[in-house]
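A closer look at the structure
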Amino acid sequence: MSVVVIGLSHRSCPVAVRERFAFAEVKIPGALESLRGSGIAEEAVILSTCNRVEIYVSTPLEPGPAFQALKEFLVNFHAFEGELNEEMYAISEPLSLHHLFKVAGGLDSMVLGETEILGQLKKAYDLALQHRHTGARLNKAFQRAFYTAKHIRTETNIQRGSISIASVAVELAEKIFSSLNEHEVLVIGAGDTSEKTARALMSRGARGVVFANRSPERAQLLAADIGGRAVPFEDWPAQFQHVDIAISSTSAPDYILNRARLEPLMKQRRHRPLLLIDIAVPRDIDPEVNYVENVYLYNVDDLQTIANDYLKSRQDEIARCEQIIAEKVLPLLTSQKLHR
Amino acid sequence: MNWFTDRHFFLLAVLVYGLSTAYSVSLWRSGFRKDNRVNYLLLLAGFCLHVTAMSLRGFSLQHCPVNNLFEATMFVGWTIVTAYLVIGLVARLRFLGAFVSPLLFFLGVFALMPALDPPHGPKPEFTGAGVSLHAALILQAYGAFGLGAIAGLMYLSQEHDLKFHKLRAVFSMFPPIQKLELISARLLRNGFILLTIGLAIGAAVLGRHQDGYFSDIKVIWSLFVWAIYLALLLMRYKFAQGGRPFAWGAVAAFAFVLLTFWGTNLLSPLHHHP
């Protein structure tokens, strides 16, 4: 009896193939039932997310026949008629357990180190457990994988930091201001990234958001959607008295804010700290304004550099995570061999 | 020879602060990514030795041990380490130990210079609850100013990193700069209140009995320090946030106190009994 896994993920095939094999949640108990009924598996868990479809089984079969049977099961269950080559991977023990632990820890995710997958894996396991499709082997493997994922999260920096422009902007705001719920955000020119950044700031508790856009309809639409207020585009300088974070993404060919224009505004603000996020290309804000006291200016390159550095630091942590996984998988393999 | 005198215990405390300082260097290099229990425990061990030293000295004198520079510096250090241990109960603020330990080590080494601890006569010239309270409040004020300067130093470091887009600004466990500035301002404000009360008690208790109290160099120096901190606080309230000038002011004012406290004490007939 050994644990094997077969599946497709963002690493092996595009979404067009993955979506053909996705399991609707209501169909999973039936699929597990038929897997066990066919004799391929004694225990089984099906994980189906937007980035992967995987079947974990404890099987009495040798890996070769088990993989063949599982592949046929997947193809038949989804009535797939195309040709499959490298899209589907099959992993036997001990690497199947390593793979499970890596998936739980977010090491195999599209966004390295993300935590959503752990919740999805727990949900998949709970579903199988509720319908009594797991036993001693998979219970132990999954519970140990969850424990290891938590251990990785606390002991390494794999999940640390923001790797999108919007979340880096939020993190910067939290390094400047004591509490976001005392600060209002101004969005000048409502582009896609500035909208995402405003949403991220609001979700972290920002007091409100003001939209100033050349097209007032778009500003009003966003204000209604996110829960802020819209002002005429030409009124944005007047808003500097009230807001502490400004995101700019207009399509203006020149700077709309320079040092000479900002200094009197800072005086009106009694020099309260001001975070300026310039996402526009060409830039909206003259880099010189960063020399004004209590002003912190970040343009799209600065934000992207931080996001990339975060990603690099996550990648640097992979070796540490894999070492932890190797240490945690070893006792599991030893105990399974003893019980064979 | 008695190996368990108050000075020996204090020497041990300073050695532990030295260990903590050496350990802090590694924390500075790593950018304060984790809270640090090791440093907290080292400073707790140093605190226990520190308190033992102060208690031995206090019991032998039968009053608060603040009669010479050794005792005064030991008291300021005790104020700082006590405040840190309380703040450090919050795990995410334990990294502050990396800033506190070098200051404690520096103060400890300074206090241990033999000339600062001359043997007491049969009884210090001025004793009594009023004098003890005067000295204790003023030394606590300097402790608060020291912590305010540390918060100011953290502000300057974090503000610089944010201004120049350093990744360590977002990686570090430092509180937001707005909070650091507020902490520094509150510590300076509280220190200023303690200093004001301490000086008022000093004037009330000693001024009545001593001719030339207000011409004593230490009293003049203390009033000058009082004026510096008053100016800093007024400057801070003029703006919504003091920013870098305020943080530099907090650091520079405490550096001035550290560098001149010793000299004015020695020159003051009222505070130094040869």
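Residues numbered from 1 in each chain as written. Chains lettered and ligands numbered in written order. Predicted model: local features only at pLDDT ≥ 70, side-chain atom pairs only at ≥ 80, totals over all residues.

Another point: the pairing of strand S10 (residues 295–299) of chain A. Residues and elements named next belong to chain A. Of all five residues in S10, five are buried; the element is thus mostly enclosed. Here S10 shows a buried face lined by Val295, Leu297 and Asn299 and a second buried face lined by Tyr296 and Tyr298. When strand S9 (residues 274–278) meets S10, the two strands line up parallel, connected through five bridges. The residue of S10 that forms the bridge with Leu276 is Leu297. (Buried ≥ 20, exposed ≤ 12 C-beta atoms within 10 Å, placed from the backbone. Helix = DSSP H or I, 4+ residues; strand = E, 2+ residues; numbered from the N terminus. Pairing = 2+ DSSP bridges.)

Let's shift gears to the sheet that holds strand S2 (residues 43–48) of chain A. All names here are of chain A. With antiparallel pairing, four strands are arranged side by side in an open sheet as S2-S3-S1-S4. Each edge of the sheet is formed by a strand with only one pairing partner; in this case those strands are S2 and strand S4 (89–91). For this sheet, the mean inter-axis angle between neighbouring strands, taken without regard to orientation, is 15°. As defined by bridge partners, strand S1 (residues 2–9) adjoins strand S3 (residues 52–59) across eight bridges and the pair is classed as antiparallel. Among the inter-strand pairings, Ile6 is bridged to a residue of S3, identified as Ile55. (Axes fitted to C-alpha atoms, helices over the stretch in contact; angles between N-to-C directions.)

This part covers unusual backbone geometry. All names here are of chain A. Look at the link from Glu93 to Pro94: it is a cis peptide, with omega at 5°. Take Pro94: it is sitting in the loop between S4 and helix H4 (95–104). Its identity is not glycine, yet Ala79 carries a phi of approximately 50°, on the positive side. Note on placement: Ala79 falls in the loop between helix H3 (63–77) and S4. Even without a glycine there, the phi angle at Asn294 is positive, about 70°. Relative to the helices and strands, Asn294 is located in the loop between S9 and S10. When the 24 C-beta atoms within 10 Å are taken as the criterion, Asn294 is described as buried.

Here we take up the nonpolar core. In this structure, Ala169, Ala173, Val185, Val187, Phe211 and Leu276 of chain A together with Val100 of chain B are the most contacted members of the largest nonpolar core, which totals 123 residues. Take this core: its biggest share by element is 15 residues, from helix H5 (residues 129–163) of chain B. When near neighbours in sequence (up to four residues on either side) are disregarded, Ala173 of chain A contacts Leu180, Leu201, Ile245 and Leu275 of chain A. One finds Ile6, Val45, Met88 and Ala128 of chain A within the second-largest nonpolar core, a separate group that totals 50 residues. (Core = buried A, V, L, I, M, F, W, Y, C linked by C-beta atoms within 7 Å. Contact = placed C-beta atoms within 7 Å.)

Geometric descriptors of this kind do not, in isolation, establish any biological role.
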